[in-house]
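The chain contents come next:
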Amino acid sequence: MTEYFQKNLFKDISIDEYKKLLSCLDGRTKQFKAGETICDYDEGFHEIGIIGKGTASVVRYEYNGARTILERLGPQDIFGHLLSYEGSEHAGISVVCDSPCDILFIHYATIGSPCTRSCAHHHQLTQNLLDLISERALNLSRRVEVLSQRTIREKLICYFMQLAAQ
């Protein structure tokens, strides 16, 4: 079970607290084969997925049949509707296995509502999730800033300035 121990989502949570938290959150694991769809955001995916083993891609399927890879995911990467892209029902976004995958699923509802034991580590998990969402929003903002530049030269300069600032 510790192969799902994601260092950002479970930051400041010990391994023992992590194991208790999984039972509290009613986490479940599932295995997928290469090429299999893990989730389709159009069908109302309301969970966080954490990759334990394997690799997957977040892909968008266009109306004309074109496929665009939005993000590559590897071990300990997380994905989910609230952590991702456009929220409309017809966004055409799915997570597809590139290789066989083991995935841990946690429902958003169990993260957002405090458990009956009022665990401190449950509160820490909620805080970590908010931090991850904020970090993703900041990264998307940086991407938009680079892409909004007019020329390739300006895009490169903007990107290198961002790297230098980090």
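Residues numbered from 1 in each chain as written. Predicted model: local features only at pLDDT ≥ 70, side-chain atom pairs only at ≥ 80, totals over all residues. Heavy atoms only, no water.

Next up on the list: the packing of aromatic side chains. Per the counting criterion, the structure on display carries two aromatic pairs. Ring centres of Phe32 and Phe105 lie 6.2 Å apart, and the angle between their planes is 75°; on these two criteria the pair is classed as edge-to-face. One end of the pair, Phe32, is in strand β1 (residues 28-32); the other, Phe105, is in strand β8 (residues 101-107), with 73 residues separating them in the sequence. Both residues of the pair, Phe32 and Phe105, count as buried. Ring centres 5.8 Å apart and planes at 50° place the aromatic pair Tyr159 and Phe160 in the tilted group. Residue class for Tyr159 comes out partly exposed when judged on its relative accessible area of 40%. (Phe/Tyr/Trp six-rings, centres within 6.5 Å; stacked < 30°, edge-to-face > 60°. Helix = DSSP H or I, 4+ residues; strand = E, 2+ residues; numbered from the N terminus. Buried < 20%, exposed > 50% of the residue type's maximum accessible area, 1.4 Å probe, protein only.)

Taken together, the side chains of Ile152, Leu156, Tyr159, Phe160 and Leu163 make up a nonpolar region of the molecular surface, amounting to roughly 520 Å² of accessible area. Exposure remark for Ile152: the relative accessible area of 64% places this residue in the exposed category. (Patch = residues over 30% accessible without salt bridge, like charges linked within 9 Å, V, L, I, M, F, W, Y side chains within 5 Å. Areas by Shrake-Rupley, 256 points an atom, 1.4 Å probe, with all protein chains shown as cover. Salt bridge = Lys/Arg side-chain N within 4 Å of Asp/Glu carboxyl O.)

Moving on: the environment of Leu104. Assignment of secondary structure puts Leu104 in strand β8. Taking the C-alpha atoms as reference, Leu104 lies 7.0 Å from Gly52; in sequence the two are 52 residues apart.

Glancing now at the environment of Asn8. As for its position among the elements, Asn8 is in the segment before α1 (15-25). The class of Asn8 is partly exposed, set by a relative accessible area of 36%. Among residues more than four places away in sequence, those in contact with Asn8 are Asn128 and Leu132. (Contact = heavy atoms within 4.5 Å.)

Moving on: the pattern of salt bridges. Any two side chains of opposite charge can pair, so long as their charged atoms come close to each other. One pass over the structure, following the stated rule, counts three salt bridges. Residue Asp131 is joined to Lys11 by a salt bridge in which the shortest nitrogen-to-oxygen separation is 3.9 Å. Taken together, the positions of Asp131 in helix α3 (residues 120-147) and Lys11 in the segment before α1 put the pair 120 residues apart, joining distant regions of the chain. By relative accessible area, which is 33% here, Asp131 ends up partly exposed. On the basis of relative accessible area, Lys11 is assigned to the partly exposed category, the value being 37%. Between Arg72 and Asp98 there is a salt bridge, and its shortest N-O distance comes to 3.6 Å. Taken together, the positions of Arg72 in strand β5 (residues 67-73) and Asp98 in the loop between β7 (93-97) and β8 put the pair 26 residues apart, joining distant regions of the chain. Look at Arg72 and you get exposed, because its relative accessible area is 54%. Residue classification places Asp98 among the partly exposed positions, given a relative accessible area of 34%.

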